[in-house]
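Residue-level structural notes
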Amino acid sequence: MPQESVMLFSRSLTRRARWRLATVGGVFTAVFGLLLTTPSAASASEVPAGPSEIPAAVGTLAEGEAFMGAGTAIHEGRALEDAELSLTPMDTTGVQGIDVSHWQGAINWTSVRSAGIQFAWMKATEGTSFKDSRFNTNYPAAHGAGVIRGAYHFARPDVSNGATQANYFATNGGAWSRDNLTLPGVLDIEHNPYGAMCYGLSQTQMRTWINDFYNTYKSRTTRDIVIYTTASWWNSCTGNWSGMSAKAPLWVAHWTTGSPTIPAGFPTWTVWQYTSTGRVGGVSGDVDRNKFNGSRERLLALANNTP
């Protein structure tokens with residue numbers, strides 16, 4: 001994309017999209033060189049096997065400002081056309097949802113529901129000291145508009161253990177109640193947007209971290225945590241671990257059409273984030289769009305913890 005086209009394009013983007021544009025542009029050259037020497041480069045949606053540590057973009061996102069897919073955009077270094085331009089056609093059939101954070105700004109949740117969005121997860125916390133500035137507005141407003149809502153925690157395995165972060169999440173928005181409109185909390189565990197892809201942990205240490213988060217969250221809320229991740233991160237950083245497959249519903253991020261690639265060890269996906277550049281009435285600019293793998297009745301069963 002010519003420089004003048006990039007400049008014109010960037011003027012029309014939201015704050016989050018502008019950050020992604022700058023980030024991807026900043027790391028694309030380094031990643032492209034890596035891909036040229038990697039046998040797996042044929043798949044545009046997968047990171048080369050092993051811990052591909054690409055710190056070139058560190059500092060472009062302030063701590064506490066991460067959102068679903070932030071680390072993926074940095075480490076996968078996909079081309080602008082794949083990272084920021086809408087997928088066509090998008091699979092908007094079935095039970096549709098979105099995920100949001102403060103990057104979306106003010107949201108009209110009544111319009112979101114009228115646009116056909118049935119569920120939404122929103123960022124509540126990150127690490128052990130960051131709370132999303134719009135969570136306390138988004139969470140009750142979505143509920144009031146009839147959107148089945150839930151909270152997510154952006155994992156920081158480099159700053160504390162899993163149990164500590166699960167407690168922080170459960171205390172600050174990640175709790176659950178059977179009210180027909182509240183989904184279980186989500187552990188957003190993905191490429192590190194601030195540094196080393198696997199947060200400096202070995203595969204064994206990462207498995208322990210995730211398991212500790214899961215056990216603590218379940219003890220606090222009675223619910224299994226939903227795991228949001230990508231196939232490339234999970235396979236590299238946990239070593240194709242199957243230890244969560246029977247306990248945690250999978251929310252897979254794969255910005256593509258057709259069907260997603262799921263992490264090793266999981267039999268199927270429960271939620272699929274299929275684009276980072278969706279559009280929905282009531283939300284200004286880009287928003288992640290998601291699809292639930294089942295009917296509305298099954299979504300409500302997930303929310304209410306019923307068979």
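Here the structure is a predicted model, which is why all the values come from computation and not from measurement.

Criteria and thresholds
- Residues numbered from 1 in each chain as written.
- Predicted model: local features only at pLDDT ≥ 70, side-chain atom pairs only at ≥ 80, totals over all residues.
- Heavy atoms only, no water.
- Helix = DSSP H or I, 4+ residues; strand = E, 2+ residues; numbered from the N terminus.
- Buried < 20%, exposed > 50% of the residue type's maximum accessible area, 1.4 Å probe, protein only.
- Contact = heavy atoms within 4.5 Å.
- Areas by Shrake-Rupley, 256 points an atom, 1.4 Å probe, with all protein chains shown as cover.
- Salt bridge = Lys/Arg side-chain N within 4 Å of Asp/Glu carboxyl O.
- Disulfide = S-S within 2.5 Å.
- Axes fitted to C-alpha atoms, helices over the stretch in contact; angles between N-to-C directions.
- Left-handed = near helix turned anticlockwise from the far one by under 90°.
- Nonpolar A, V, L, I, M, F, W, Y, C, P; charged D, E, K, R; others polar.
- Phe/Tyr/Trp six-rings, centres within 6.5 Å; stacked < 30°, edge-to-face > 60°.
- Lys NZ or Arg CZ within 6 Å of the ring centre and 35° of its normal.
- Pairing = 2+ DSSP bridges.
- Right-handed = clockwise from strand over helix to strand, strands pointing away.

**Section: the overall build of the protein**
The number of helices and strands found in the protein is 10 helices and 9 strands. Within the protein, the fraction of its 307 residues that count as buried is 55%. Look at the contacts in the protein between residues 6 or more apart in sequence, and 70% of them connect residues 24 or more apart. By element, 53% of the accessible surface of the protein is carried by carbon and sulfur atoms, the whole surface being about 11,700 Å².

**Describing the pattern of salt bridges**
For the structure shown, the criterion picks out 8 salt bridges. The closest approach of N and O atoms between Asp-179 and Arg-149, which form a salt bridge, is 3.8 Å. Of this pair, Asp-179 sits in the loop between helix H7 (162-171) and strand E5 (186-188) while Arg-149 is found in strand E4 (residues 148-154), placing the two residues 30 residues apart along the sequence. What makes Arg-149 buried here is its relative accessible area of 8%. Note that Arg-279 is salt-bridged to Asp-286, the shortest N-O span being 3.0 Å. Assessed through its relative accessible area of 49%, Arg-279 is described here as partly exposed. Connected through salt bridges with shared partners, the residues Glu-63, Lys-123, Glu-126, Arg-156 and Asp-158 form a single ionic network.

**Examining the state of the cysteines**
Evaluated as defined, the whole model comprises 1 disulfide. The side chain of Cys-198 participates in a disulfide bridge whose partner is Cys-237; the two sulfur atoms lie 1.9 Å from each other. Where Cys-198 bonds to Cys-237 through sulfur, the torsion about that S-S bond is close to -75°, and the disulfide is left-handed. Remark: Cys-237 occurs in helix H9 (residues 231-238) and Cys-198 occurs in the loop between E5 and helix H8 (203-221); sequence separation between them is 39 residues.

**Description of the packing of H7 against H8**
At a minimum axis distance of 7 Å, the contact between H7 and H8 shows a crossing angle of 35°. You can see that H7 and H8 cross each other, and the crossing is right-handed. Where H7 approaches H8, its residues Gly-162, Ala-163, Gln-165, Ala-166, Asn-167, Phe-169, Ala-170 and Thr-171 are matched on the opposing element by Trp-209, Asp-212, Phe-213, Thr-216, Tyr-217, Arg-220 and Thr-221. Within the contact of H7 with H8, the residues separate by chemical class into 7 nonpolar, 6 polar and 2 charged.

**Focus on the packing of aromatic side chains**
Tallying each qualifying case throughout the model produces 13 aromatic pairs. For the pair Phe-169 and Tyr-217, a centre-to-centre distance of 5.7 Å together with 20° between the ring planes defines the contact as stacked. Placement of Phe-169 in helix H7 and of Tyr-217 in helix H8 is noted, with a sequence separation of 48 residues between them. Take Phe-169: its relative accessible area is 0%, and that puts it in the buried class. The exposure class assigned to Tyr-217 is buried, which follows from its relative accessible area of 0%. Among the aromatic side chains, those forming a connected cluster through ring pairs are Phe-119, Trp-121, Tyr-228 and Trp-251. Of note, Arg-149 hangs over the ring of Tyr-139, and the distance from its end group to the ring centre comes to 3.7 Å.

**Some details on the pairing of strand E8 (residues 271-278)**
Most of E8 sits inside the fold, with 8 of its 8 residues counted as buried. In this structure, strand E7 (residues 250-253) lies alongside E8, joined through 3 bridges in parallel fashion. Considered in E8, the bridge of Trp-251 is made with Val-271. Here E8 runs beside strand E9 (residues 287-292); their pairing, made up of 5 bridges, is antiparallel. If you follow Gln-273 over to E9, its bridge partner there is Asn-290.

**Some thoughts on the pairing of E4**
For E4, the tally of buried residues reaches 7 of 7 residues, placing the bulk of the element in the interior. By the alternation rule, side chains of E4 split into Ile-148, Gly-150, Tyr-152 and Phe-154 and Arg-149, Ala-151 and His-153, which are all buried. When strand E2 (residues 117-126) meets E4, the two strands line up parallel, connected through 7 bridges. Among the inter-strand pairings, Phe-119 is bridged to a residue of E4, identified as Ile-148. In this sheet, E5 lies alongside E4 in parallel orientation, the contact comprising 3 bridges. The partner of Tyr-152 across the bridge, within E5, is Val-186. In this region the chain leaves E4, passes through H7 and returns to the parallel neighbour E5; the handedness of that crossover is right-handed.

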